[in-house]
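# A closer look at the structure
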2 protein chains.
Amino acid sequence: MTTLNRPGKPDGHVCGIDTAMEVIGGKWKVLILWALHDQPHRRFGELRRLVPGVTEKVLASHLREMEEDGIVRRVSYDEVPPRVEYSLTEDGTRLNKALEPLGEWGRERAAG
Amino acid sequence: MTTLNRPGKPDGHVCGIDTAMEVIGGKWKVLILWALHDQPHRRFGELRRLVPGVTEKVLASHLREMEEDGIVRRVSYDEVPPRVEYSLTEDGTRLNKALEPLGEWGRERAAG
DNA sequence: GTGGGTGGTTACCCTGTGGTGAGCGAGCAG
DNA sequence: CTGCTCGCTCACCACAGGGTAACCACCCAC
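### Side note on the interface of chain A and chain B
Counting from both sides, the interface comprises 29 residues of chain A and, opposite them, 28 residues of chain B. A combined buried area of about 3,000 Å² lies between chain A and chain B, and 75% of that area is made up of carbon and sulfur atoms. The largest contributions to the chain A side of the interface with chain B come from I17, L102 and W105 of chain A, which together make up 24% of the buried area. Counting every contact that joins chain A to chain B gives 4 salt bridges. With a closest N to O distance of 2.7 Å, R94 of chain B and E108 of chain A form a salt bridge. At the boundary of chain A and chain B, one finds 8 residue pairs in polar contact (both at pLDDT 80 or more). Elements supplying a minimum of two residues to the side of chain A that touches chain B: α1 (16–23), α2 (29–36) and α5 (90–111) of chain A. Among the elements that line the side of chain A that touches chain B, the one with the most residues is α5 of chain A, at 13 residues. Tallied by class, residues from the side of chain A that touches chain B come to 18 nonpolar, 4 polar and 7 charged.

### Structural notes on the pattern of salt bridges
Going through the model one piece at a time under the given rule, you end up with 18 salt bridges over all chains. As a salt-bridge pair, D38 of chain B and R42 of chain B come within 3.4 Å of each other at their nearest N and O atoms.

Cut-offs and rules
Residues numbered from 1 in each chain as written. Chains lettered and ligands numbered in written order. Predicted model: local features only at pLDDT ≥ 70, side-chain atom pairs only at ≥ 80, totals over all residues. Heavy atoms only, no water. Contact = heavy atoms within 4.5 Å. Buried area = accessible area lost by both parts, 1.4 Å probe. Salt bridge = Lys/Arg side-chain N within 4 Å of Asp/Glu carboxyl O. Polar contact = N/O pair within 3.5 Å; in protein donor to acceptor, adjacent residues only side chain to side chain. Helix = DSSP H or I, 4+ residues; strand = E, 2+ residues; numbered from the N terminus. Nonpolar A, V, L, I, M, F, W, Y, C, P; charged D, E, K, R; others polar.

Structure below.
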């Protein structure tokens, strides 16, 4: 279950890694984090362009979950046309840093 | 697709992290890695006990995928009753190390 | 009045992943 | 001859995560 419902999930965690895996388990979440890492604020449409292939529905639901998980901050300005800005929380920033060695591993492997 | 078929997957990787996510994307893979990290060799039944909740079929297929991905080494002894030992390759060991910061992040978060 | 651009929501469908349970091959203990 | 162990394999099935598409409210420019 990646989409909503944290309540269920009686599994119990063996180690910290699966706690983290739950948070980044969605298909696009790491890419969203990645897209968020270098700019302080990103708009919805921007993210959609930065994460090629994601649909609006899924992007919206992933962002909502990440907000619930406390790794993304959502600020909605009451303007027209509507403007919403997403940014990493401090926890999200630390998560992103924790993801870096993994990214390096992947890059090495891709390089062959 | 986590189970078999690397061939497809035209997606193209945005960054190294999703390369890694593909490898550890299975539901139990990080736990298997974790179970493999402290002993040089683990037997099938041992792993099944160490990863509570996994079924034999899924454990077998995950191990097979991890072997294909070059992070797990499988050695089968031609004895009776059959004996098969699994261990991390060097690449798998490095992956496990790359996973550590993530585990720490998860532990901190679980601690609240 | 109609088209565009914003950031969504809702309904429905489909595929892949993982779960269930059975069976198998070979030898040994009893 | 029966049952047990070990490491699987096979056939089948359920479900949830993700994809598709339509729709909404709002205001502006044309």
